[in-house]
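Breakdown of the fold
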Amino acid sequence: MAALAQAPLPLRLTWAYVISALDDIDALIDEVTGLRAELSSVRYQRANALAAMRATLAADRDGDDDPLYYVRDELHAQIHPDQTAGEGR
């Protein structure tokens, strides 16, 4: 680093920006990891909601007494994730 102290000012400023950017890498990796986990969770919830909608439509076609049960059950599961879906039926 002694050579950097003797470098021209524009070069020292450039290196200061590079070093500052490298210092942010760990925080950025953590942020991306968290966002990937959140995206995965949202995709899973969306897939479950779509499956519940399809089950509701099929149950309605089959003449089920309560075809909306599947949607209500999935919504309950997404609001209360600590409880197992499908317990009420």
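Use the structure listed above.
A quick note: this is a predicted structure, and the numbers were derived from the prediction, not measured.

Looking only at helices and strands, one finds 4 helices and 0 strands in the protein chain. Listing each helix as α and each strand as β along the protein chain from the N terminus yields α-α-α-α. Taking all 89 residues of the protein chain together, the buried fraction comes to 10%. Surface exposure of the protein chain reaches about 7,500 Å², of which carbon and sulfur atoms provide 60%.

Let's shift gears to the pattern of salt bridges. It is possible for side chains of opposite charge to pair when their charged atoms get near one another. In total, this model carries 1 salt bridge according to the counting rule given. Between Asp66 and Arg72 there is a salt bridge whose closest N-O contact spans 2.4 Å. Exposure remark for Asp66: the relative accessible area of 28% places this residue in the partly exposed category.

For the rest of this paragraph, the subject is a negative patch on the surface. On the surface, a cluster of negative charge is contributed by Asp23, Asp24, Asp26, Asp30 and Glu31. When residues in the negative patch are grouped by element, the largest group, 3 residues, is from helix α3 (residues 25-61). When you line up the elements, Asp26 lands in helix α3. On the accessibility criterion, Asp26 (58% relative accessible area) is exposed.

Attention shifts here to the packing of α3 against helix α4 (residues 69-79). Angle between the axes and distance between the axes: these two values describe a pair of packed helices. Contact pair α3 / α4: the axes reach a minimum separation of 8 Å and the direction vectors enclose 160 degrees. Compared by their axis directions, α3 and α4 come out roughly antiparallel. α4 is crossed by α3, and the crossing has right-handed handedness. Residues Gln45, Asn48, Ala49, Ala52, Met53, Ala55, Thr56 and Ala59 of α3 lie in contact with α4, whose contacting residues are Tyr70, Val71, Glu74 and Gln78. When grouped by side-chain class, the residues that make up the contact of α3 with α4 number 7 nonpolar, 4 polar and 1 charged.

What follows covers α4. Within the span of α4, buried status applies to Tyr69, Asp73, Glu74 and Ala77. The arc that holds the buried residues of α4, viewed along the axis, is 125 degrees, so those residues lie on one side. Turning to α4, the residues buried within the fold contact α3.

What follows covers the environment of Ala55. You can see Ala55 is positioned in helix α3. Ala55 gets classed as partly exposed once you look at its relative accessible area, which sits at 27%. With 16 residues separating them along the chain, Ala55 and Val71 place their C-alpha atoms 8.2 Å apart.

Reading the values: the criteria
Residues numbered from 1 in each chain as written. Predicted model: local features only at pLDDT ≥ 70, side-chain atom pairs only at ≥ 80, totals over all residues. Heavy atoms only, no water. Helix = DSSP H or I, 4+ residues; strand = E, 2+ residues; numbered from the N terminus. Buried < 20%, exposed > 50% of the residue type's maximum accessible area, 1.4 Å probe, protein only. Areas by Shrake-Rupley, 256 points an atom, 1.4 Å probe, with all protein chains shown as cover. Salt bridge = Lys/Arg side-chain N within 4 Å of Asp/Glu carboxyl O. Patch = residues over 30% accessible without salt bridge, like charges linked within 9 Å, V, L, I, M, F, W, Y side chains within 5 Å. Lys, Arg positive; Asp, Glu negative; His and termini not counted. Charge placed at Lys NZ, Arg CZ, Asp CG, Glu CD. Axes fitted to C-alpha atoms, helices over the stretch in contact; angles between N-to-C directions. Parallel < 35°, antiparallel > 145°, perpendicular 65-115°, else oblique. Left-handed = near helix turned anticlockwise from the far one by under 90°. Contact = heavy atoms within 4.5 Å. Nonpolar A, V, L, I, M, F, W, Y, C, P; charged D, E, K, R; others polar. Arc of directions from axis to C-beta.

The analysis is restricted to geometry; functional conclusions fall outside its scope.
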